[in-house]
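# Analysis of the macromolecular model
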Amino acid sequence: MAEQGLLVLFGSQTGTAQDTAERIGREAQRRHLRCQVQALDSCDLGNLIHEPLVVFVCATTGQGDPPDNMKMFWRFLFRKSLPTSSLCQLDYAVLGLGDSSYPKFNFIAKKLHKRLLQLGGNPLLPVALGDDQHDLGPDAVVDPWLVALWEKILALYPIPPGLEIISLDVRLPPKYALHYLPEDSPHPESAMLQPAAPRAAPCELQPFAARVVSNQRVTAQSHFQDVRLIEFDIAGSGITFSAGDVVMIQPQNCPEDVQQFCQLLRLEPHRRFMLEPTDPGTSLPPLLPQPCTIQYLVTHYLDISCVPRRSFFELLASFSTNELEREKLQEFSSAQGQEELYSYCNRPRRTTLEVLWDFPHSTCAIPADYLLDLIPRIRPRAFSIASSLLAHPERMQILVAVVRYKTRLNKPRRGLCSTWLASLNPEQGDIRVPLWVKKGGMKFPADPATPVIMIGPGTGVAPFRAAIQERVALGHRGNCLFFGCRHQSKDFYCQAEWEELVTKGFLTLFTAFSRDQEEKVYVQHRIRENGKLVWELLSSENAHIYLAG
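All values derive from a computational prediction rather than experimental measurement.

### Let's talk about the UniProt feature "domain: FAD-binding FR-type" (unreviewed entry) in the protein chain
In this structure's numbering, the residues bearing the UniProt feature "domain: FAD-binding FR-type" (unreviewed entry) are residues 205-445. Secondary structure across residues 205-445 divides into 29% helix and 21% strand, with the first and last C-alpha atoms of the span separated by 32 Å.

What follows is the structure, encoded as structure tokens:
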């Protein structure tokens, strides 16, 4: 590898920006450039001023917010005290990934580009704005932009004499070597599955294993949608939260899928292994124990139920020994094949496991060393906390709609986390769920005199249940809730609780049951009907309005 180094930094919420950053890392390797790929918040920001060449890949989330793994970097970069010449030796390029159906399309990438310019950075190219809404997805912008980027970079750092770009036919080495341990070596199995008691507040790298206390269906059995109110025991975790906060839950794959995956790839679930980075600069995956079993890796780490990305097909094609399968996989990973890939994979929401079934010859040729390159890790899921510690000390509750829908595929699509949570039965023993808490975007007024108007149809009512419980415990009376669902008798969540609070004078409740009469009635109809009251609360009493979907 040449000594010139390229640093690729990403801010990613759902994994797309990370996937693109890793693609740039692979393309750098093929051009004999030393390259490190890391999340923005894992990078030593003090060293940024010494970096000659950095590519930033960042998504925009929510209403123009930075992804979680670049929040610290974002705060650092916008410090007023940074001199305007801080980055004058830096050549950089910014690639944004966004969705033009949102008003703040690629806001983070645009703002980052502008700030790097202000600090003296030298842009190699204009900022690229990938768009999820494009027929070919963000790659419509990313592909040509990368061609231009490599032209610029190779002009600055030519490939050393005697070397040439490594052909796409040559497979790059895996990130980790997977070494199986002898069958008879001793193994402390229990330590692997029982997380140690956390010393600091639980976080993604050290979640708290919370015991499931109850898992209750809150919709009628005859209702199409299964919704659960699930309660966790968080005693001794050090977790605190207030209304509006979010709990992050780390889900796992179901046993049938794990078994199928191991059969398809001819893996022995109980074999134990150690991972060793092939590049000394790469750290081990933080959430995997060492040593680890195949069963643990596939159950807790590999996201075999996600819809695979283009990079998956590219790598899978390189293992394929079957000509027909290889041609199809290569087509799916080419720029020209993106429309076909979309209709094969994205539109019907075909999972990684189902794709592996469709390419059996290629699948059984996957070397175990490449599992972590091929399949991304399972990402945590966010849920609004639906209870208050003031009403339920040492407990936390969430309201979960179990995701299940049909596409053109025979088998219904199921949400990984909600299906797993719904399957947990606390009567079958000590059932644990790894979780931690994140600050939410909703803050409720501290002044008890300020009324609160909450609009929460369906499971959108979850954060408002937490807020109402909290405010009632503090004696705050100005609580007004607009709740909507389909049928009063089937999906009116927490009905008894609301009615009791109405009786006690703590809550004004307006309900809209959309299917209980000829014409459909929604929360907006109830707001219009009660416009006089809503305006009164806003104009004279300075009420705050909250809306959750």
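### Concerning the side chain of arginine 379
Its place among the elements puts arginine 379 in the loop between helix 13 (371-374) and strand 13 (381-384). Buried arginine 379, no salt bridge; nearest opposite-charge side chain is glutamate 204, N-O distance 6.0 Å. If we ignore the near neighbours within four places in the chain, the residues touching arginine 379 are Gln13, Thr14, Gly15, Gln18, Gln250 and Pro251.

### Considerations on the sheet that holds strand 10 (residues 246-249)
With antiparallel pairing, the six strands of this open sheet are ordered in space as 13-10-17-8-9-14. Single-partner strands in this sheet number two, and they are strand 13 and strand 14 (395-401). Averaged over all adjacent pairs, the angle separating strand axes in this sheet is 40°, with direction ignored. Of the pairings in the sheet, the one linking strand 10 to strand 17 (residues 432-438) comprises four bridges and is antiparallel in character. Bridge pairing links isoleucine 249 to leucine 435 in strand 17.

### Some details on helix 9 (residues 323-333)
Considered for burial, the residues of helix 9 that qualify are Glu325, Leu329, Phe332 and Ser333. Projection of helix 9 onto a plane perpendicular to its axis shows the buried side chains occupying an angular sector of 95°, all on one side. For helix 9, the exposed residues set more than 90 degrees away from the buried face come down to Glu323 and Leu324. Turning to helix 9, the residues buried within the fold contact helix 8 (310-319), helix 10 (338-346), helix 11 (352-358) and helix 12 (360-363). Where helix 9 begins, the side chain of asparagine 322 points an oxygen toward the backbone nitrogen of leucine 324, at a separation of 3.1 Å.

### Regarding the nonpolar core
By size, the foremost hydrophobic cluster in this structure holds 42 residues, and its most contacted members are Phe261, Leu297, Leu302, Phe313, Leu371 and Leu372. No other element matches helix 8, which puts six residues into this core. When residues no more than four places from it in sequence are discounted, the contact partners of phenylalanine 261 are Leu267, Val298, Leu302, Ile304, Leu353, Leu356, Leu371 and Ile375. Core analysis: the second largest hydrophobic core is formed by 29 residues, Met442, Met454, Val472 and Cys494 among them.

### A few points about the environment of phenylalanine 224
Checked against the element boundaries, phenylalanine 224 lands in the loop between strand 8 (208-217) and strand 9 (227-233). Phenylalanine 224 sits in the exposed class, given a relative accessible area of 59%. Spatially, the C-alpha atoms of phenylalanine 224 and aspartate 91 are 55 Å apart, while their sequence positions differ by 133 residues.

### Examining the environment of lysine 438
Here lysine 438 shows up in strand 17. Each C-alpha atom, one on lysine 438 and one on cysteine 203, is 8.5 Å from the other, the two residues being 235 residues apart in sequence. Residues within four places of lysine 438 in sequence aside, it is in contact with Gln13, Asp68, Asp245, Val246 and Met248. Among the polar contacts listed, one links the side chain of lysine 438 to the side chain of aspartate 68, at a separation of 2.6 Å.

### Considerations on the pairing of strand 17
For strand 8 and strand 17, the ladder comprises four bridges, and the chain directions are antiparallel. Looking across to strand 17, one finds that phenylalanine 208 is bridged to leucine 435.

### What about the side chain of aspartate 491?
The residue aspartate 491 is located in the loop between strand 19 (479-485) and helix 16 (495-503) in this model. Arginine 486 provides the closest opposite charge to the buried, unpaired aspartate 491, separated from it by 5.6 Å. Within polar-contact distance, the side chain of aspartate 491 engages the backbone nitrogen of arginine 486 at 3.1 Å. Within the local environment of aspartate 491, its side chain forms a polar contact with the backbone nitrogen of histidine 487, the two atoms lying 2.9 Å apart. Leaving out residues up to four positions away in the same chain, aspartate 491 has contacts with Thr219, His223, Phe483, Cys485 and Arg486.

### Some remarks on unusual backbone geometry
For the bond running from glutamine 290 to proline 291, omega is -10°, close enough to zero to count as cis. Mapped onto the secondary structure, proline 291 falls in the loop between strand 11 (272-277) and strand 12 (292-293).

### Section: the pattern of salt bridges
This structure, assessed with the given rule, holds 24 salt bridges. The shortest N-O distance in the salt bridge between aspartate 233 and arginine 395 comes to 3.5 Å. With aspartate 233 in strand 9 and arginine 395 in strand 14, this pair connects stretches of sequence that are 162 residues apart. Aspartate 233 sits in the buried class, given a relative accessible area of 15%. Using a relative accessible area of 24% as the deciding quantity, one classes arginine 395 as partly exposed. Ionic pairing is found between lysine 439 and aspartate 245, a salt bridge with its closest N-O pair at 2.8 Å. Pair noted here: lysine 439 is in the loop between strand 17 and strand 18 (452-455) and aspartate 245 is in the loop between strand 9 and strand 10, with a separation of 194 residues, a long-range link. Aspartate 245 gets classed as buried once you look at its relative accessible area, which sits at 2%. One connected set of salt bridges, linked through shared partners, spans Arg23, Glu27, Asp139, Asp143 and Arg310.

Rules of the game
Residues numbered from 1 in each chain as written. Predicted model: local features only at pLDDT ≥ 70, side-chain atom pairs only at ≥ 80, totals over all residues. Heavy atoms only, no water. UniProt positions renumbered as here; feature names shortened; annotations may be inferred. Helix = DSSP H or I, 4+ residues; strand = E, 2+ residues; numbered from the N terminus. Buried < 20%, exposed > 50% of the residue type's maximum accessible area, 1.4 Å probe, protein only. Lys, Arg positive; Asp, Glu negative; His and termini not counted. Salt bridge = Lys/Arg side-chain N within 4 Å of Asp/Glu carboxyl O. Contact = heavy atoms within 4.5 Å. Pairing = 2+ DSSP bridges. Axes fitted to C-alpha atoms, helices over the stretch in contact; angles between N-to-C directions. Arc of directions from axis to C-beta. Polar contact = N/O pair within 3.5 Å; in protein donor to acceptor, adjacent residues only side chain to side chain. Core = buried A, V, L, I, M, F, W, Y, C linked by side-chain atoms within 4.5 Å.

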